[in-house]
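Structural characterization, general
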Amino acid sequence: MIVGVPKEIKNHEYRVGMTPSSVRELTSRGHQVLVQKNAGTEIGLSDDQYKAVGAELVETAQEIFARAEMIVKVKEPQPVECAMLRPGQILYTYLHLAPDPEQTAALVKSGAICIAYETITGANGGLPLLAPMSEVAGRMAIQAGAAHLEKSKGGMGLLLGGVPGVAPAHIVIIGAGVVGTNAMQMAVGTGARVTVLDKSVDRLRQLDLVYGNRISTVYSNTQSIEEAVLSADLVIGGVLVPGAAAPKLVSRDLISRMKKGAVVVDVAIDQGGCFETSHATTHAEPTYVVDGVIHYCVANMPGAVARTSTFALNNATVGHAIALASKGWKQALRDDVHLRNGLNVCEGKVTYEAVARDLGYTHVTAASVLN
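Worth saying up front: this structure is predicted, and the values here are computed from it rather than measured.

1. A short note on the nonpolar core
- Formed by 78 residues in total, the largest nonpolar core has its most connected members in Y92, I115 and I236.
- Broken down by element, the residue count for this core peaks at eight residues, all from helix α11 (residues 306-327).

2. Observations concerning the side chain of H148
- As for its position among the elements, H148 is in helix α6 (residues 131-148).
- We classify H148 as buried; its relative accessible area is 9%.
- Engagement of the side chain of H148 in a polar contact is seen with the backbone oxygen of A144, the distance being 2.9 Å.
- When near neighbours in sequence (up to four residues on either side) are disregarded, H148 contacts K153, G154, G155, V263, P286, T287, I294 and Y296.

3. Things to note about the pattern of salt bridges
- Throughout the structure, instances matching the rule amount to 16 salt bridges.
- In this structure, K37 engages E59 in a salt bridge whose closest nitrogen and oxygen atoms are separated by 2.7 Å. Here the residue K37 occupies a position in the loop between β2 (32-36) and α2 (47-52), and E59 occupies one in the loop between β3 (56-58) and α3 (61-67), the gap between them amounting to 22 residues.
- Salt-bridge contacts for K327 lead to D335; the nearest nitrogen and oxygen are separated by 3.0 Å.
- A relative accessible area of 44% places K327 in the partly exposed class.
- D335 gets classed as partly exposed once you look at its relative accessible area, which sits at 43%.
- Because the salt bridges share partners, they merge into one network encompassing K10, K75, E76 and D270.

4. Quick word on the sheet that holds strand β7 (residues 170-174)
- In spatial order, the strands read β9-β8-β7-β10-β11-β13-β12; together these seven strands make up an open sheet with mixed pairing. The open sheet has two edge strands, β9 (216-219) and β12 (287-290), and neither has a second partner. On average, each strand axis in the sheet is inclined to that of its neighbour by 20°, with strand direction left out of account.
- Where β7 and strand β10 (residues 234-237) come together, four bridges link them in parallel fashion.

5. Describing the pairing of strand β14 (residues 343-346)
- Where strand β6 (residues 113-116) meets β14, three bridges bridge the pair, whose relative direction is antiparallel. Directly across from I115, in β14, lies its bridge partner L343.
- Linking β14 to strand β15 (residues 349-350), which pair antiparallel, is a turn of two residues; within it E347 sits at a positive phi near 50°.

6. Overview of the packing of aromatic side chains
- Scanning the entire structure with this criterion turns up two aromatic pairs.
- Judged by centre distance (4.7 Å) and plane angle (85°), the rings of Y92 and Y117 are edge-to-face. Taken together, the positions of Y92 in strand β5 (residues 90-93) and Y117 in the loop between β6 and α6 put the pair 25 residues apart, joining distant regions of the chain. Residues Y92 and Y117 agree in their burial class; the two are buried.
- Ring geometry for Y94 against Y117: centres 4.9 Å apart, planes inclined by 80°, an arrangement best described as edge-to-face. Here Y94, found in the loop between β5 and α5 (101-110), pairs with Y117, found in the loop between β6 and α6; they are 23 residues apart in sequence, far enough to count as distant.
- According to the relative accessible area criterion, Y94 is buried, its value standing at 3%.

7. Considering the packing of α6 against α11
- Between α6 and α11, the least distance of the axes is 8 Å, while the angle of their chain directions is 155°. By the angle class used here, α6 and α11 are roughly antiparallel. The segment α6 lies against α11, with P132, M133 and V136 engaging S309, A312, L313 and A316.
- Across the contact of α6 with α11, the residue classes break down as six nonpolar, one polar and no charged.

Calculation notes
Position numbers for residues start from 1 in each chain and track the written sequence from start to end. Per-residue local features of the predicted model are confined to residues with pLDDT of at least 70, and side-chain atom pairs are confined, for both listing and counting, to 80 or more; whole-chain, interface and lining totals are unaffected and use all residues. As a convention, hydrogens and water are excluded, and side-chain values are obtained from all of the structure's heavy atoms. As used in this record, nonpolar core signifies buried Ala, Val, Leu, Ile, Met, Phe, Trp, Tyr and Cys residues forming a set joined through side-chain atoms within 4.5 Å. Exposed residues in this analysis have more than 50% of their type's maximum accessible area, buried residues have under 20%, and partly exposed residues fall in between, with area computed by a 1.4 Å probe over protein chains only. Elements are defined by DSSP. Helices are runs of H or I of four residues or more, strands are runs of E of two residues or more, and each kind is numbered from the N terminus. Identification of polar contacts relies on pairs of N or O atoms within 3.5 Å, with a donor-acceptor requirement for protein atoms, meaning one able to donate a hydrogen and the other able to accept it, and with residues adjacent in sequence counted only if both atoms are side-chain atoms. Contacts are residue-level and defined by heavy atoms, with any inter-residue pair within 4.5 Å sufficient. The rule for a salt bridge is simple: a side-chain nitrogen of Lys or Arg has to be within 4 Å of a carboxyl oxygen of Asp or Glu. Strands are treated as partners if at least two bridges between them are detected by DSSP. Angles shown run from 0 to 180 degrees and are taken between the N-to-C directions of axes, each axis being a line fitted to C-alpha atoms and, for helices, limited to the stretch in contact. When two rings of Phe, Tyr or Trp (its six-membered ring) have centres within 6.5 Å they constitute a pair, described as stacked for plane angles under 30 degrees, edge-to-face for angles over 60, and tilted for the intermediate range. Comment on the angle field: the value is read as roughly parallel under 35 degrees, roughly antiparallel over 145, roughly perpendicular from 65 to 115, and oblique elsewhere. Under this grouping Gly is polar, as are all residues other than the nonpolar Ala, Val, Leu, Ile, Met, Phe, Trp, Tyr, Cys and Pro and the charged Asp, Glu, Lys and Arg.

The structure is reproduced here in structure tokens:
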């Protein structure tokens, strides 16, 4: 198969769909890999490194989209990229379609086979291709929150851990999944006061066993969220409903009653965000203020640590890339129910139920398009 790796074009996105070692895994199996020139140079992956493992360097994204049978990316295709997709071509990348009707319509129109990293499931449960970026984003959320609590960034001027004689900041983490757990690990390390909310008592029990009195675990409901958020200096939103739009757990009214100069970091923004006041921002302009509360809602947070993120992502994605290239998409999806769960749009049909429901499309099962 001819596999194409274009340079990412989203604002401040420096990750790359395949590292040289991932390319080698494909070329060693007889596949042809086209890599756009300078696709990885910003994170220290040179064209020479790609050439050394058998990649063909290509000048333009247009040529890659025209020649490749499968496109491997990181972020969702931008409108100009959607327009270059063609019927029967495989797109393997993050998509986050539920809150993005324009992209969904463009992918449906393209006739391409669109497989989303974020809905591929794992044999042991969970979302193994989303997990590494959730780990990065959860850890970064504390860094971002700490920075924007500084007065020069618009915050109230708090040090997360305080100092002897001065109370530490209160960090509230909504959701104890991969994002929340990684945020919590970093938050505990700062010496802050940490409260974690989740609807799974079993998950809260697990965290309590490990962290004991270094954190407070609270069952998540409307009342407990309100009480925690109103006392918080930094709130991390890390709630995920796989493939669907994120639930709005913090209302506009609640934001208006928070401490002035507090910070909210919405890690769920790729799926529409879990604060009612959230809208996506970029690394160029990461924050905005609503009712005196700093909102950090960067839609590609892991792109800020692009080298770490690229290697972590490739560790999770390369196996399925090999299967798709070696077997073809139909056989690869027939053989692996977890990869099949990644199929979101196929030949003009929406094949992921939550996306179809949220955006008003007729849902066609992935199994039915494999016959």
